[in-house]
Amino acid sequence: MAKTAAKATEADLARARRRIGPIERREMRLAFGMLSPTVAAVLLVVLIPVLANFWISVKPIELADLRAAKPLVRERVQGDVLQPGDAFAVRYRVRSSSPAAEVRDVEFTHSLPPGLTLTDDAGTCTLSGPDLRCNVGTLEPRARVDVNVTLTAGQAYFDAGSPDLRAADPLATGRSTNKLTSFEFTFDNFRKVFDAAEFWNVLWVSIVYTIGGTGGALLLGLFAAQLMMVAFPGRGIMRGLFLFPYVSPVIAVAFTWIFLLDPFSGTMNAILTKTGVTDANINFLGQRGIALWTVIAFEAWRYFPLAFLFILARMQSLSSDLNEAAEMDGATPFQKFWYISLPQLVGIISTLFLLRFIWTFNKFDDIFLLTGGASGTRTLTVNVYEQAFALSNLGAGAAVAVVIFFMLAVFLAFYFKFVPKEEGM
Amino acid sequence: MARGLVLGVVLGAIWGFVTAVVIGVSVTLVFGVDASMTALSALIAGIPGAVALLFARDITPNAWMQFLIGMAVYAVVLVALTGLAPLGLPLGTVPVTSVLVLATLAATTIGAVALAFHKMDWKALNRYRMEEVLIHALKGLGFVFFTAIILLPFYAMLMTSFKKQAELLQNPLDYSINLSQGLMSLFSSYIELFVTFDFGRFILISTIVSVTTVILTLAASIPGAYAISRLRFPGRVTFSRSILLIYMVPAIVLVIPLYAVFSQLGLRDSLLGLLIVYPATTIPVSLYMLQGYFRGLPSELEEAGMMDGCTRLGVIRRITLPLSLPAIASVALYVFMIAWNEFLFAFMFLDSPEIFTLSRGVVSLNSSEVPRQHLMAGAVIVTIPVLVIFLWFERFLVTGLTAGSVKG
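Residues numbered from 1 in each chain as written. Chains lettered and ligands numbered in written order. Predicted model: local features only at pLDDT ≥ 70, side-chain atom pairs only at ≥ 80, totals over all residues. Heavy atoms only, no water.

A. Layout of the overall build of chain B. Per the secondary structure count, chain B includes 19 helices and 0 strands. Computed over its C-alpha atoms, the radius of gyration of chain B comes to 29 Å, more than 25% above the 22 Å expected for a compact globule of 408 residues. Within chain B, the proportion of its 408 residues that are buried is 53%. Of the contacts formed within chain B by residues at least 6 apart in sequence, a portion of 75% connects residues at least 24 apart. Element-wise, carbon and sulfur atoms account for 71% of the exposed surface of chain B, whose accessible area totals about 17300 Å². With 23 positive and 19 negative side-chain charges, chain B shows a separation of 10 Å between the mean positions of the two kinds. (Helix = DSSP H or I, 4+ residues; strand = E, 2+ residues; numbered from the N terminus. Rg over C-alpha atoms; globule rule 2.2 N^0.38 Å. Buried < 20%, exposed > 50% of the residue type's maximum accessible area, 1.4 Å probe, protein only. Contact = heavy atoms within 4.5 Å. Areas by Shrake-Rupley, 256 points an atom, 1.4 Å probe, with all protein chains shown as cover. Lys, Arg positive; Asp, Glu negative; His and termini not counted. Charge placed at Lys NZ, Arg CZ, Asp CG, Glu CD.)

B. Structural view of the overall build of chain A. Looking only at helices and strands, chain A features 14 helices and 8 strands. Over its C-alpha atoms chain A spans a radius of gyration of 35 Å, topping by over 25% the 22 Å that the globule rule assigns to 425 residues. Along the three orthogonal principal directions, the C-alpha set of chain A runs to about 120 × 85 × 45 Å. Within chain A, the fraction of its 425 residues that count as buried is 48%. Across chain A, every contact between residues at least 6 apart in sequence was considered, and the portion connecting residues at least 24 apart equals 73%. Total accessible area computed for chain A in this model is approximately 20700 Å², and 61% of it derives from carbon and sulfur atoms. Separation between the mean location of the 38 positive side-chain charges and that of the 36 negative ones in chain A comes to 8 Å.

C. Expanded view of the interface of chain B and chain A. Taken together, the contacts link 101 residues of chain B with 102 residues of chain A. Both faces combined, the contact of chain B with chain A buries some 9200 Å², and carbon together with sulfur accounts for 79% of it. A per-residue breakdown of the area chain B buries against chain A is headed by B:Phe146, B:Met248 and B:Ile256, which together make up 8% of the total. Where chain B meets chain A, there are 3 salt bridges. Close ionic contact of A:Asp262 with B:Arg372 constitutes a salt bridge, the shortest N to O distance being 3.2 Å. Along the contact surface separating chain B from chain A lie 11 residue pairs in polar contact (both at pLDDT 80 or more). For the side of chain B that touches chain A, the class distribution of residues is 76 nonpolar, 13 polar and 12 charged. (Buried area = accessible area lost by both parts, 1.4 Å probe. Salt bridge = Lys/Arg side-chain N within 4 Å of Asp/Glu carboxyl O. Polar contact = N/O pair within 3.5 Å; in protein donor to acceptor, adjacent residues only side chain to side chain. Nonpolar A, V, L, I, M, F, W, Y, C, P; charged D, E, K, R; others polar.)

D. Focus on the sheet that holds strand S2 (residues 87–96) of chain A. Residue and element names in this part refer to chain A. Strand order in the open sheet formed by 4 strands is S1-S2-S7-S4, with antiparallel pairing between adjacent strands. Where the open sheet ends on each side, the last strands, each with one partner, are strand S1 (71–78) and strand S4 (116–119). For this sheet, the mean inter-axis angle between neighbouring strands, taken without regard to orientation, is 30 degrees. One ladder, built from 9 bridges, connects S2 with strand S7 (residues 144–153); its direction is antiparallel. Looking across to S7, one finds that Val90 is bridged to Val149. (Pairing = 2+ DSSP bridges. Axes fitted to C-alpha atoms, helices over the stretch in contact; angles between N-to-C directions.)

E. Structural context of the environment of B:Leu275. Residues and elements named next belong to chain B. Within the fold, Leu275 resides in helix H12 (residues 271–296). C-alpha of Leu275 to C-alpha of Leu168: the two residues are 107 residues apart in sequence and 39 Å apart in space. Ignoring any residue separated from it by four or fewer positions in sequence, one finds Leu275 in contact with Val209, Thr212, Thr213 and Leu216.

F. Broad picture of the pattern of salt bridges. This model, assessed by the stated rule, comprises 16 salt bridges over all chains. A salt bridge links B:Arg268 to B:Asp351, with the nearest nitrogen and oxygen atoms 2.9 Å apart. In this pair, B:Arg268 sits in the loop between helix H11 (251–265) and H12 while B:Asp351 sits in the loop between helix H16 (344–349) and helix H17 (358–364), placing the two residues 83 residues apart along the sequence. Exposure remark for B:Arg268: the relative accessible area of 16% places this residue in the buried category. Assessed through its relative accessible area of 42%, B:Asp351 is described here as partly exposed. Within this structure, A:Glu27, B:Arg232 and B:Arg312 form a network of salt bridges that share partners.

G. Fine view of the domain arrangement of chain A. By domain assignment, chain A separates into domain 1 (69–176) and domain 2 (188–423). The C-alpha-based centres of domain 1 of chain A and domain 2 of chain A are spaced at 64 Å. (Domains from an automatic or database assignment.)

H. Highlighting the packing of aromatic side chains. Per the counting criterion, the structure on display carries 47 aromatic pairs over all chains. Judged by centre distance (5.0 Å) and plane angle (40 degrees), the rings of A:Phe304 and B:Phe146 are tilted. Linking A:Phe304 in helix H9 (residues 291–317) with B:Phe146 in helix H5 (residues 127–160), this pair reaches from one chain into another. This pair shows no difference in class: A:Phe304 is buried, exactly as B:Phe146 is. Seen in terms of ring centroids, A:Phe364 and A:Phe368 are 4.8 Å apart; in terms of plane orientation they differ by 20 degrees. Their pairing is stacked. Note on accessibility: A:Phe364 and A:Phe368 belong to one class, buried. Joined through ring pairs, the aromatic side chains of A:Phe364, A:Phe368, A:Tyr385, A:Phe389, B:Tyr259, B:Phe343 and B:Phe347 make up one cluster. Seen from the ring of A:Phe185, A:Lys59 lies directly overhead, with NZ or CZ sitting 4.8 Å from the centre. In this arrangement the basic side chain of A:Arg356 is found over the ring face of A:Tyr303, its NZ or CZ atom lying 4.2 Å from the centre. (Phe/Tyr/Trp six-rings, centres within 6.5 Å; stacked < 30°, edge-to-face > 60°. Lys NZ or Arg CZ within 6 Å of the ring centre and 35° of its normal.)

I. Just the environment of A:Leu292, in detail. With respect to the helices and strands, the residue A:Leu292 is situated in helix H9. Leaving out residues up to four positions away in the same chain, A:Leu292 has contacts with A:Val205, A:Val208, A:Tyr209, A:Gly376 and A:Thr377.

J. Region of the structure containing the sheet that holds strand S3 (residues 103–111) of chain A. Residue and element names in this part refer to chain A. Spatial ordering of the open sheet is given by S5-S6-S3-S8, a layout of 4 strands whose pairing is antiparallel. In this open sheet, the two edge strands, each paired with only one partner strand, are strand S5 (125–128) and strand S8 (171–176). Averaged over all adjacent pairs, the angle separating strand axes in this sheet is 20 degrees, with direction ignored. Pairing geometry for S3 and strand S6 (residues 131–139), over 7 bridges, is antiparallel. Looking at the pairing, Val103 lines up with Leu139 of S6.

K. The arrangement of the state of the cysteines in detail. Residues and elements named next belong to chain A. Overall, the coordinates contain 1 disulfide over all chains when judged by the stated rule. Across the disulfide from Cys125 sits Cys134; the S-S distance is 2.0 Å. Classification of the bridge connecting Cys125 and Cys134 rests on its S-S torsion, roughly 110 degrees, and on that basis the disulfide is right-handed. Note on accessibility: Cys125 and Cys134 belong to one class, buried. (Disulfide = S-S within 2.5 Å.)

L. Molecular detail of the nonpolar core. Within the largest apolar cluster, 204 residues are counted, with the highest numbers of intra-cluster contacts made by A:Phe389 and B:Phe349. Per-element accounting of this core gives the leading share, 16 residues, to H9(A). With near-sequence residues (within four places) excluded, B:Phe349 lies in contact with B:Leu258, B:Tyr259, B:Phe262, B:Arg268, B:Asp269, B:Leu274 and B:Val277. B:Ala42, B:Ala50, B:Val79 and B:Ala116 belong to the second-largest nonpolar core, a separate cluster that totals 32 residues. (Core = buried A, V, L, I, M, F, W, Y, C linked by side-chain atoms within 4.5 Å.)

M. Quick peek at the domain arrangement of chain B. All names here are of chain B. Domain annotation of chain B identifies domain 1 (2–179) and domain 2 (190–404). With centres defined by C-alpha atoms, the gap from domain 1 to domain 2 works out at 45 Å. In this assembly, 10 residues from domain 1 lie in contact with 10 residues from domain 2. Taken over both partners, the interface formed by domain 1 and domain 2 buries close to 800 Å², and the fraction arising from carbon and sulfur atoms is 72%. Of all residues in domain 1, the largest losses of buried area upon contact with domain 2 belong to Met157, Ser161 and Gln165, amounting jointly to 54% of the total for that side. There are 0 salt bridges connecting domain 1 and domain 2. At the junction of domain 1 with domain 2, the criterion picks out 1 residue pair in polar contact (both at pLDDT 80 or more). Counting residues per element, the ones that place at least two in the side of domain 1 that touches domain 2 are H5 and helix H6 (165–170). When residues of the side of domain 1 that touches domain 2 are assigned to their parent elements, the largest contribution, 4 residues, is made by H5.

Rendered as structure tokens:
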């Protein structure tokens, strides 16, 4: 009985679904039309590249493989040809443009003046009409192949005014496998990435950086928001000022901090030694152990404005009833903050934490500009660059990116599971 | 009474130290005077100063008189402690500056303590009042701290661009600029950037790229956001959720495949390549911000428009768009700032200096052959437009930032 009822509702639903009226259909079509540019752009530049990144991560591909291998040919002409019967000795030198990939079915053609006859002992070349066509076969990477032919001049050559053989350039063609689209796969990239002793260190640095940067930014933001709660003259200006680190271009502020923190001629070290805080100059960005904390501090400095804005907005929207009631009951200022304000801010703070956590984890520019990943600050994102572009191994870089992608997926799952709906942004 | 006294001593010491460091460093950074810091003496002098301020209440009810008494005690102790040379120089050498700096130190130290104890009977402090005093003090320190960490780098950036490499290396604390050298010499770094490094072209290219990005982004995201917030179609909920996911995908994951494919297509070292990537990365943010705004508009207005015979597109053009102009403007500014500040793709894609964007151009200055002040002048040039836009449209943008700043 229950079964048939279920079936009936299913059938009803299916019927209802099919019964989309013309207006709904038009609306649907309009919606798809309006969304199509977005879908196209996102598909083309985000989704397909993400998939392509998976593809690259299992391929043995280097930066140099991106340039398709092409055969190149140059000719050298020797011999004094003064009368019919004299011959040119021509050498064609064919080489591959790529140090890594082979080129197959290599052929070149050379357009010659009239009145020449070909003598080619190796049989690689044929002369049909004015065109000399030579078949070189497969060209190994870095290989050079010389093709030597003898061209004997006839009367027709002199009748044409003994033109220069080098008037036209020989042209080579060939087929090479595009490593990007071939079906050659390998797990070496992942093996390399996970086997490297530094990988676990990189992972650890990533996590410390992410937690430290996020926590620091949130704490500073919370503090800044407390300062701005009570109105005072100049609050608007102060609020604008507090947002400067966040809105300024990262290249500008990163380079400024690099100079301020310079171990030899930096203002920061000068201040610290002058005030007697330290005796010797500190190499903030160059010393293992210190550099990581410096980039974390930079991260907190640059992103606290964001936390500040969100927390301030939330605090201003809270009703003051609770605070007033607590005040009546004799709660002290710190008690009010700890037991009343903070619990009401936990929602926004945890949402911010998760969001900033993800974004800090994804961050590349800041560390790359500050230290380039040196002195123990190499995070996963910087490692992608390091592997793919500094060490020219695109496949290994993509493999690191895959690791990032999966970790991110885990964080996002957390985010959607734990962030309360009303805080969701 | 003991509690109040301890609190006064602690605050006096802290503020004595902080004001001495902050004012000492500021004087050096601004005027280039090598004010040797007397932070420790100032810390000690802050204590009797604060105590005097508190006990002055027994002598006079006038707050200004109490303040002056505190300042006087502080100043006398400081001068005595530093052997009559509060700035490291005997009082006689630069009397006016010395007295001015000394007065500022005294006023800020004692003033901060006085503010913390404002209108409070320090002899009868309960826990509530004590915490209030502490909070006042913490807030004051907070303002000093935040102002210092924000102003210092921006001040250094600006001033460095006016200086010469040798001066900077000689005394990294001296940011004073010599105004008598003439404008040409003062702005020599900027002139150099525009003449030799072609920064005019970089600015033009950055502007074109950013504005085109804004136009393309809006062209795609306005209809998209409208469709998501107003039209019914299967998969709508999934779609609006996945938009959020998409802008969490880090750029570094996209860089390798885009680099590989664009290299093969010949799009890599071209502005067209950037103009494909930039809008695609900003469309999700923009769409997300706009759909939230569209949802907030009353749909009755649109329904009324439809009743009066407008088509759907007519309604969008005549009703929705005009109503959401503020939101569109703030999204546009936000996207402009993202595109203007973008570094990663510009750095990875562009090799030819003829098509450098401003960020890419500034990065190219980061070499040992280019002096520091040129790089800082470049940083100033790239920062100024953003800060001007930001300050001009702050109210606008803060809303936009809070709505879309998940990006980041």
